[in-house]
Amino acid sequence: MPKNNENARCNYSPSNPSILHSLLLLLPLAIPTQSFTLGRSIPPHSCLKMSNADTKQNLPTLPLPPPILSLTEGTWAYDTMSRRVNKDILQRTLDENPEFLTPPFQTALESYQALRDELTAAATTPLRHLLPTSYTVGDEGDWHNLLAPHVSSQSTWLSTPWLIAEFYLYRRLLEALGYFDPSSPGYNYDPFLNQKRSGLHASPPAAEGVLEKVDQIMTKYSLESLGIMTSIALWGNQMDLSIWPTGMNDKEENVLLQNVLQTNHENLLWDDTLKLKEYCDGILNKGTNVDIIVDNAGLELVTDLILADYLIQSGLTKQVTFRLKSHPTFVSDAMEKDLRETAEFYAQQEGFCGFAGKRWVKYLENNKWVCKEDNFWVQPFAMWDMPQALRSDMSKSDLAIVKGDANYRRLLGDLEWDLVDASFQNVVGDYFPCPVLALRTLKAELGCGMVKEKVEWAKGRDDNWMVNGKYGVVHLGIPRDN
C-alpha cells in the first residue's frame, strides 16, 4: 500500500521548509512531440456523458482505455476511497469545525456521520442519487446522469470509477452540511476555510523569497524567464532558488537562470518548455487572454498569481482568466473568494509580497485578471465532455494553463493510458478547445506521454513515484484545427 500522503494533494503543510528548495525543475529540452496509435480499442467501462443537449463530442484521437477503479488493494485509488477520505480528510474536517458539534448543526452532523458510515463499508455500500430538495442548486441534472448507471447497477464506492466516486464524496459532504439550503446553518459554509486560510497565512515567508528573486525578470520575456515562472507554478516551494544570488548584471543573470533550470530539471518526466517558448513567441504582444484552470488555494495559488503577473508584465497577454471552483471541494481547491482574499491579504504585507499584492488587487479592479466560476470544475466529467458554452468561451483563449493533479486526471478522463506510448498531444491536445499547457506533479497512478527512460529511472529509485508529488510533467498540446 502506498505510504500515507495526506498532504500530497489536499493539504499543504506550511511546516515543510523544503517546499521552496527544489522547484525550478524546468531545463528546456527539445523533446519532439510524438504520435502513437494503439493496436486495439478497449471499450471504456463507464462513459461520462454530459447532460447538456448542446454538448459537442470532442475526443482523444486514441481509443479510450478503461477507467481507473478503486478495487485493487495497494493502489492509491483504493487507499484513498477505502481509508484516506474518511479517516483523514473527513475526520480532520470535523476536528477543524467545532461548530458541527453545536445544536444548530445536529441534523448536519447526523448526515455527516451517515456519510462516514457508508465510507467505512466502502467495498459493499452502493452509491445513491443526491436527495431531492425544495431548492434548486443547478447541478442536479448533471449528477443524476453521472450517477444513474452506477446507482442502477448498485456499484459501490470502490467499484464506481475513482474520479466519479471522489468528486461525489465532496458533493455528498456539502449535501450533508446543507451548503445549498438557504434555511440551513450550513448555507454557504466552507468546511475547508480554516485549512485554506492556514495555508494562505503561512505562505508569505516562502513567497517573499520567490518574489524577490523573480522581481528582476517579471518584464523580461525569454526562454529562461518563461521556464522559471512555469517551474514556480508547477513545483510551488519545492523549487531550489538557493543558487540564485542577487545583484547580477544581465549576462550573469542569464547564465545563472540556465543553471537554476538545469539543477531543478531532474525530476521532470516530460518537458515541453522549449515547445512552449516557440508557441509563446507567436503571441508575444499579441495575446488577448490566457486561462489558468486553478487547483489549490494557499501557497500554490500564490504561485499561480505570480505566473499570471508575469504573463501580464512580460507582454504575453492582456488578460488572464482564472477558472475556479463554484463550491468547496477537494479540501483546498480554490474558489473566487479564495483568490480575491489572497490578493487582498498580500496587499497588506510588507516587502515584495506587499508590492505584488497591490498589483494583483489592481489587476482584479481593472479586469486584467478575471475570475470565472463554473460547476464543470467541481464535477468528474472528462474534459472532452466540456459543455459547449464553456468550450466556446475557452476557444477564444490563446492558451489554457491547467494546474494540479485532479484537473490533469480529468484531462485524461482518469483512464488507464499507456504512460509512454500515449502522447499528450493525442490524448489531450487534439480535443482541447485551445492550446493547453498542463503543469502537473504526480499524485495519482495515471499519466501519459512520459519519457520511457525517465519513467524507468523514477520507478527504480522510488516505489511511490506516481503519488508522492516528487515527479512532474510539463505538457503542451495544440488543437487539431488550430
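Located above this text is the structure these notes cover.
Calculation notes
Residues numbered from 1 in each chain as written. Predicted model: local features only at pLDDT ≥ 70, side-chain atom pairs only at ≥ 80, totals over all residues. Heavy atoms only, no water. Helix = DSSP H or I, 4+ residues; strand = E, 2+ residues; numbered from the N terminus. Salt bridge = Lys/Arg side-chain N within 4 Å of Asp/Glu carboxyl O. Buried < 20%, exposed > 50% of the residue type's maximum accessible area, 1.4 Å probe, protein only. Axes fitted to C-alpha atoms, helices over the stretch in contact; angles between N-to-C directions. Parallel < 35°, antiparallel > 145°, perpendicular 65-115°, else oblique. Left-handed = near helix turned anticlockwise from the far one by under 90°. Contact = heavy atoms within 4.5 Å. Nonpolar A, V, L, I, M, F, W, Y, C, P; charged D, E, K, R; others polar. 1 Å grid on protein atoms, 1.4 Å probe; cavity = no way out; pocket = protein on both sides within 12 Å on 5 of 7 lines; lining within 4 Å. Points joined across faces, edges and corners; volume = space filled by probe spheres on them.

Overview of the environment of Ile164
Thinking step 1. Mapping Ile164 onto the fold places it in helix α5 (residues 162-177).
Thinking step 2. In sequence terms Ile164 and Phe381 are 217 residues apart; their C-alpha atoms lie 7.9 Å from each other.

Comments concerning the pattern of salt bridges
One side chain can pair with another of opposite charge once the charged atoms of both are near each other.
Thinking step 1. All told, the structure shown has 25 salt bridges when counted by the stated rule.
Thinking step 2. In this structure, the salt-bridge partner of Lys372 is Asp393, at a minimum N-O distance of 3.0 Å. Linking Lys372 in strand β4 (residues 369-374) with Asp393 in helix α14 (residues 388-394), this pair joins segments that are 21 residues apart in sequence.
Thinking step 3. We note a salt bridge from Arg440 to Asp405, for which the minimum N-O separation is 2.6 Å. Taken together, the positions of Arg440 in strand β6 (residues 436-441) and Asp405 in helix α15 (residues 405-411) put the pair 35 residues apart, joining distant regions of the chain.

So, unusual backbone geometry
Thinking step 1. With a phi close to 45 degrees, Phe330 is a non-glycine residue in the positive phi region.
Thinking step 2. Turning to its location among the elements, Phe330 is positioned in the loop between β3 (320-325) and α12 (336-347).
Thinking step 3. Taking relative accessible area as the criterion, Phe330 reaches 1% and is therefore assigned buried.
Thinking step 4. Here Asp414, not a glycine, exhibits a phi torsion of approximately 55 degrees, which is positive.
Thinking step 5. Here Asp414 is to be found in the loop between α15 and α16 (424-429).

A short note on the packing of helix α8 (residues 223-235) against helix α11 (residues 299-313)
Thinking step 1. Close contact between α8 and α11 brings their axes to 8 Å; oriented N to C, the two are set at 155 degrees. The angle between α8 and α11 falls in the class roughly antiparallel. In the crossing of α8 with α11, the sense of the turn from one axis to the other is left-handed. Residues Ser225, Leu226, Met229, Thr230, Ile232 and Ala233 of α8 lie in contact with α11, whose contacting residues are Thr303, Asp304, Ile306, Leu307 and Tyr310.
Thinking step 2. Classifying every residue of the contact of α8 with α11 gives seven nonpolar, three polar and one charged.

Here we look at the layout of surface pockets
Thinking step 1. Here the second largest pocket defines a volume of roughly 390 Å³.
Thinking step 2. Lining the second largest pocket are 26 residues, and of these Leu131, Pro132, Thr133, Tyr135 and Glu175 lie nearest its centre.
Thinking step 3. Going through the elements one at a time, α3 (106-120), α4 (140-152) and α5 are the ones with two or more residues in the lining of the second largest pocket.
Thinking step 4. Here the element with the most residues in the lining of the second largest pocket is α5; it accounts for five residues.
Thinking step 5. Among the residues forming the lining of the second largest pocket, the class breakdown is 15 nonpolar, seven polar and four charged.

So yeah, pure geometry; function would need other evidence.
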